[in-house]
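Remarks on the overall topology
Below are the chains, spelled out letter by letter.
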Amino acid sequence: MIKEDHRNISCGGDPFNYLKSVLKGLNIQLDPGQDAEIMVLKEKFPYSKGTYEGLARTTKLSLIEVKESGPDVEIFVRKPKE
C-alpha cells in the first residue's frame, strides 16, 4: 500500500483540482489491485464521501473507504485489476 500524507500542504490553487492531480498520479504509480491511502485535513478538503467517490472514478480508481478522525480524513483507493 502506498501512503501519501497531504495534511500539511499549501496549494495556492483549488483544493479539488489538487486532489484530482494526486489521484491521477496514484493511478500511474499503482499496480492493478494495489491500494493507496491519502491523508488530508478536513479543513482544507471539506468534501463528502460522494465527492471523493467521483474523483476516484474520474481518475479510474475505486474508492474503498473514507475515514474521518478529528481533523484528519483518510481516503483509501484501489486501482482495479484489468
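Scroll up to find the structure this text is about.
A short tour of the structure in this document, coming up. Computed from a predicted structure; not experimentally measured. (Residues numbered from 1 in each chain as written. Predicted model: local features only at pLDDT ≥ 70, side-chain atom pairs only at ≥ 80, totals over all residues. Heavy atoms only, no water.)

A short note on the sheet that holds strand β2 (residues 35–41)
If you trace the four strands from one edge of the open sheet to the other, you get β1-β2-β4-β3, paired in mixed fashion. The open sheet has two edge strands, β1 (2–5) and β3 (62–69), and neither has a second partner. Averaged over all adjacent pairs, the angle separating strand axes in this sheet is 15°, with direction ignored. Pairing of β2 with strand β4 (residues 72–78) involves seven bridges; the strand directions are antiparallel. By the bridge assignment for β4, M39 is matched with E74. Contacts between helix α1 (residues 15–29) and the sheet are confined to β1, β2 and β4, with β2 contributing the most and set at about 160° to the helix. (Pairing = 2+ DSSP bridges. Helix = DSSP H or I, 4+ residues; strand = E, 2+ residues; numbered from the N terminus. Axes fitted to C-alpha atoms, helices over the stretch in contact; angles between N-to-C directions. Contact = heavy atoms within 4.5 Å.)

Geometry only, nothing functional implied.
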